[in-house]
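Architecture at a glance
Now for the letters of each chain:
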Amino acid sequence: MSFVRPVNMEETLNFMYKTLAPGTERKLENFNGKRKISVFRGDHYLNKITRKLSDPPLTLIRYMQNTGTAENPKLGTKTIALKAPRGDVLVYYNEVGDSTKGVTLNVFRRDFIPYKKVFDNLMKLREDEHFMDILSKLTGKDLRRVK
């Protein structure tokens, strides 16, 4: 009897950082035509890029810094960016790889007032009603919490 171990995305991304040359992009997924996933290896970082082929088209970029060594990389998320046709959302982690240490939200919207706020963690960010209203408008989906 053979055992197939499930794919661990963190291990895969650390391995790709170790094996890809800086300045290289590698496609990971385009199975169903609804989204494309790729990674881009920079000098000391790796970007995981997810493009949703929807209306409106959305791009989510997870910027990860290497806090380990070149031989034994340990990638941690530093910034999450959502690019939409009517605006951009940037979430900066105060500490690489740990959203519980605080995050800073920046929203830049075309024809609207920018929004910036500091949160204790990602859960607090998701509870912010004003941000969820903005995100609903940018994505075209109702993401507000039902009371």
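An account of the accompanying structure is given in this report. (Residues numbered from 1 in each chain as written. Predicted model: local features only at pLDDT ≥ 70, side-chain atom pairs only at ≥ 80, totals over all residues. Heavy atoms only, no water.)

Below, the discussion takes up the nonpolar core. Judged by nonpolar contacts, the single largest core of 18 residues is most densely connected at Val89, Leu105, Val107 and Phe131. Every element with two or more residues in this core is listed here: strand S5 (75-84), strand S6 (87-95), strand S7 (98-109), strand S8 (115-119), helix H2 (122-126) and helix H3 (129-139). The element contributing the most residues to this core is H3, with five residues. Val107 has contacts with Asp88, Val89, Pro114, Tyr115, Phe131 and Ile134, leaving out every residue within four places of it along the chain. Core analysis: the next-biggest nonpolar cluster, separate from the first, contains eight residues, Met16, Tyr17, Val39 and Met64 among them. (Core = buried A, V, L, I, M, F, W, Y, C linked by side-chain atoms within 4.5 Å. Buried < 20%, exposed > 50% of the residue type's maximum accessible area, 1.4 Å probe, protein only. Helix = DSSP H or I, 4+ residues; strand = E, 2+ residues; numbered from the N terminus. Contact = heavy atoms within 4.5 Å.)

Glancing now at the environment of Ser38. Along the chain, Ser38 falls in strand S2 (residues 35-41). Judged by its relative accessible area of 2%, Ser38 falls in the buried class. C-alpha of Ser38 to C-alpha of Arg109: the two residues are 71 residues apart in sequence and 26 Å apart in space. A distance of 2.9 Å separates the side chain of Ser38 from the side chain of Glu25, its partner in a polar contact. Within the structure, Ser38 has its side chain in polar contact with the side chain of Arg51 (distance 3.5 Å). (Polar contact = N/O pair within 3.5 Å; in protein donor to acceptor, adjacent residues only side chain to side chain.)

Structurally, Pro85 can be placed in the loop between S5 and S6. Residue classification places Pro85 among the partly exposed residues on the basis of a relative accessible area of 42%. Taking C-alpha positions, Pro85 is 22 Å from Val39, a pair spaced 46 residues apart along the chain. When neighbours within four sequence positions are excluded, Pro85 is seen to be in contact with Pro56, Pro57 and Arg110.

This part covers unusual backbone geometry. Note the cis peptide between Asp55 and Pro56, where omega equals 5 degrees. Looking at where Pro56 falls in the secondary structure, it is placed in the loop between strand S3 (45-52) and strand S4 (58-66).

By themselves these figures say nothing about function.
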